[in-house]
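For reference, the chains in residue letters:
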Amino acid sequence: MLRSQLTKRQVDAKAMTVGEPEFSGRNCSATISFKEGIEQPVAKKVVKLIKAEKFKVQAAIQGEQVRVTGKKRDELQAVMQAVRKAELEQSFQFTNFKD
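Sequence order sets the numbering: in each chain, residues are counted from 1 along the sequence as written. The predicted nature of this model means local features are confined to residues of pLDDT at least 70 and side-chain atom pairs, given and counted, to a pLDDT of 80 or more, with totals for whole chains, interfaces and linings taken over all residues. With hydrogens and water excluded, all non-hydrogen atoms of the structure serve as input to the side-chain values.

Draft legend 1. Molecular detail of the nonpolar core. What we call a nonpolar core is a set of buried Ala, Val, Leu, Ile, Met, Phe, Trp, Tyr and Cys residues that are connected through their side-chain atoms within 4.5 Å. Note on exposure labels: buried denotes an accessible area under 20% of the residue type's maximum, exposed denotes more than 50%, and partly exposed covers the range between, all computed with a 1.4 Å probe on protein chains only. If you look at the biggest cluster of nonpolar residues, it comprises twelve residues: I38, V42, A43, V46, V47, I50, V57, V66, L76, V79, V83 and L88. Working definition: helices are DSSP H or I runs of at least four residues, strands are E runs of at least two. Numbering for both runs from the N terminus. Contributions of two or more residues to this core are made by α2 (40–52) and α3 (73–85). A per-element tally of this core places α2 first, with five residues. Only heavy atoms enter the contact rule, under which two residues are in contact if any of them lie within 4.5 Å. Setting aside its immediate chain neighbours within four residues, L88 contacts K14, K45 and V46.

Here's what the structure looks like:
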């Protein structure tokens, strides 16, 4: 039920971690937490993926985000597609996309 509500709000289900369910009588509850930002090992995998594909962009890890800069819009869009297709254990959001 929660996953269906999240998809209506366009939140990826990979962004949440579900804890163990707790049963008490007729009720069942589970602790759910959401991931914010990119963890350091995942960020390193993203940068390694970008460098392995040999795009003409620069990728840098800045705190909980990976910043990718490049001259051409096509290169940035290709990087976005490659990151989406990669089977990483986290969902990604792309922001601040300018000419």
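Draft legend 2. Molecular detail of the pairing of strand β4 (residues 65–70). With six bridges joining them, strand β3 (residues 57–62) and β4 adopt antiparallel strand pairing. From the neighbouring strand, A60 faces β4, where its bridge partner is R67. When DSSP finds two or more bridges between a pair of strands, those strands are recorded as paired. The loop that links β3 with its antiparallel partner β4 comprises two residues; one of these, G63, has a positive phi angle of about 65°.

Draft legend 3. Structural context of unusual backbone geometry. Backbone geometry places K54, a non-glycine residue, at a positive phi of 60°. Among the secondary structure elements, K54 is positioned in the loop between α2 and β3.

Draft legend 4. Spatial organisation of α2. Here the expected length of a helix is defined as 1.5 Å per residue gap, with one fewer gap than residues. In this model α2 runs 18 Å from its N-terminal to its C-terminal C-alpha over 13 residues, within 8% of the 18 Å that 1.5 Å per residue would give. Burial in α2 covers these residues: V42, A43, V46, V47 and I50. An end-on view of α2 places all buried positions within 140° of arc, on one side of the element. Those residues of α2 that are exposed and aimed more than 90 degrees away from the buried face are P41, K44, K48, K51 and A52. Here the buried face of α2 lies against β3, β4 and α3. Just past α2, the residue K54 takes up positive phi, approximately 60°. By definition, the arc is the one covered by directions from the helix axis to the C-beta atoms.

Draft legend 5. Geometry of α3. Over its 13 residues, α3 runs 18 Å from end to end, which matches the ideal 18 Å to within 8%, given 1.5 Å per residue. Those residues of α3 that are buried lie in contact with α2, β3 and β4.

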